[in-house]
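Close look at the chain arrangement
Listed below, chain by chain, are the residues.
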Amino acid sequence: MVDSLGVAVVGFGWMGRVHTQAYARLLHHYPRLGLRPQLVTVAEEVPGRAEDAAAQFGFASTTRDWREVAKDPRVQAVSITAPNFLHREIGVAMAEAGKHIWIEKPVGLSTADARAVADAVAGAGVQGAVGFNYRNAPAVETARDLISSGAIGRVTHIRIRLFSDYAAHPEGALTWRYEKQRGGSGVLGDLASHGADLARFLLGDIESLTADTAVFIPERARPTGATAGHTRATGGELGPVENEDYVNCLLRFASGARGVLEACRVSVGEQNNYGFEVHGTEGAVFWDFRRMNELGVSRGTGYQDQPVSTVYVGPGAGEFGAFQPGAANAMGYDDLKVIEAERFVRSIAESTPYGATLRDAAHSAAAVEAMVRSAASGAWVNVPGA
C-alpha cells in the first residue's frame, strides 16, 4: 500500500499550475514510488484564483494566507511558486514548520536569501528541491555523462544561450518581475540562473566571471489588476524597468575550462531558444531545448572535419523510460517538472536528496550576484562557494 503525502501549493500562477499537474501525474509515470501526493490546500491571495484551482484540480481546501499552510497539520510538503520576493520568508517559515519544500528558482532576491532557505531546510531536517528543470532533460543528463566519462576529451569551453521574447512587447505590463525590490535581478534571476546551474551541472564550479548587462525597454505601463504570466497593459501609468533585459558573461571554471553565457528576455523572433554547446579536445556535444530529446554528438580521433551525429535519446537516458517506450518519441516541458516532482517526493520517502537542492540554488545565486557586481564594475569577479 502506498502511503499518502499531504501537499500544498503556495502561489497559483502558471508555475503553481505546473507543480499541481506534476503531482497529479506522478504515479502514472512512477507507480512504484513510495508516497502518493494528496492535494490538501492551495494558497493564493488573488481573489477567486485558489477556489478555481480547487475546483479544477481537487484541492481539499483553499486559503488567501500562506501562513495558514505552515500551521496546517495535514500538510507535509509544500510547493512554493509565489513571486521571488516572497521566497525567503515562505521557504524559511515552511521549513521551520517541518514541511518539506519544492521551491522555484531563483529562491529569493539574493545569495543570502537562498542560503537562508538552505540553512532552514538543513536545520529542520527536511528535504528541499529547487526548480532547475532543464538539468532534468534526459539529453542533458546524457551530455553530462559523456562529458564526465571523457568521451569528448578534456573540456575546453562551453556556450550557453537563453533567448526568449516573453518580455519583448513594449506593452508588456510592469509587473513585479521588473522591480528590483520584488523581482530582483531581471533576466539574470529568471533565465541566467538556469544557465549558471546548467554550467555547473555540466562542467563543475564556476571560479570567476565578467559580465555586461542592459535594459532595452526602459519603461512599461503599470497593470490595473491582478496579473498572471506575462500579460500586456495599455493606457496605465508608465514606470521604470529597474532590472536587466539582457546579460552576456564570460566564465572561468575551476577545471580550467572557459565559457560564454548569454541571456535575454526581449529577443524578438526567439521563443525559448535555450541550449548549450560543449567542446572538448576530442569532440563536442550540442543541445537545443526546442529539440529537447536530441543530442548532437561529435567524438573520435578525426579532430578536423570530424562529423556530428544526431542521437535521439531513449529508455536508459535519464528518466526517459518513465515517459516513452522508445527513442525519438517526444517528451515536453511539463514532463521535466514531473521528473522534478518524483525526485522531490523520493527524497522525502528515502530521506536522501535527489535532484537540484537548495545548495545548488545558492551556487546559482552566487554566480548571478557576481554578474551584477561585474556589470557594475567592469571587472572580473570571483564566484564564492555556497
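Here's what I pulled together on the structure shown here.

**What to know about the packing of aromatic side chains**
Describing an aromatic ring pair means giving the distance of the ring centres and the angle of the ring planes. A full pass over the atoms with the stated rule returns 14 aromatic pairs. An angle of 80° between the planes, with centres 6.2 Å apart, marks the rings of Y30 and F323 as edge-to-face. Highlighted residues: Y30 in the loop between α1 (14-29) and β2 (35-43) and F323 in the loop between β16 (309-312) and α9 (333-350), separated in sequence by 293 residues. For the pair shown, Y30 and F323 are each scored as buried. With 6.5 Å between their ring centres and 85° between their planes, F289 and Y333 make a pair best called edge-to-face. Taken as a pair, F289 in the loop between β14 (283-288) and β15 (294-299) and Y333 in helix α9 lie far apart in primary sequence, 44 residues in all. Among the residues examined, F289 registers a relative accessible area of 12% and is labelled buried. Overall, Y333 belongs to the buried group, its relative accessible area being 17%. Ring-pair connections join several aromatic residues into one group, and the members of that group are W14, Y134, Y274, F276, W287, F289 and Y333. We note R144 situated over the ring of F201; from NZ or CZ to the ring centre the distance is 4.1 Å. Lying across the ring of W380, R252 places its NZ or CZ 3.7 Å from the centre.

**Details of the sheet that holds β16**
What the 9 strands build is an open sheet, ordered β16-β15-β14-β13-β7-β12-β11-β8-β17; its pairing is mixed. Each edge of the sheet is formed by a strand with only one pairing partner; in this case those strands are β16 and β17 (381-382). Note that strand β13 (residues 273-280) and β14 share 5 bridges and pair antiparallel. Pairing of G275 across the sheet is with D288, part of β14. Helix-sheet contacts for helix α8 (residues 187-203) involve β7 (155-163), β8 (206-214), β11 (246-253), β12 (258-264) and β13, and the interaxial angle to β7 is about 155°. Packed on one face of the sheet, helix α10 (residues 358-377) meets β8, β11, β12 and β17 and runs near 55° to β8.

What counts and what doesn't
- Residues numbered from 1 in each chain as written.
- Predicted model: local features only at pLDDT ≥ 70, side-chain atom pairs only at ≥ 80, totals over all residues.
- Heavy atoms only, no water.
- Phe/Tyr/Trp six-rings, centres within 6.5 Å; stacked < 30°, edge-to-face > 60°.
- Helix = DSSP H or I, 4+ residues; strand = E, 2+ residues; numbered from the N terminus.
- Buried < 20%, exposed > 50% of the residue type's maximum accessible area, 1.4 Å probe, protein only.
- Lys NZ or Arg CZ within 6 Å of the ring centre and 35° of its normal.
- Pairing = 2+ DSSP bridges.
- Contact = heavy atoms within 4.5 Å.
- Axes fitted to C-alpha atoms, helices over the stretch in contact; angles between N-to-C directions.

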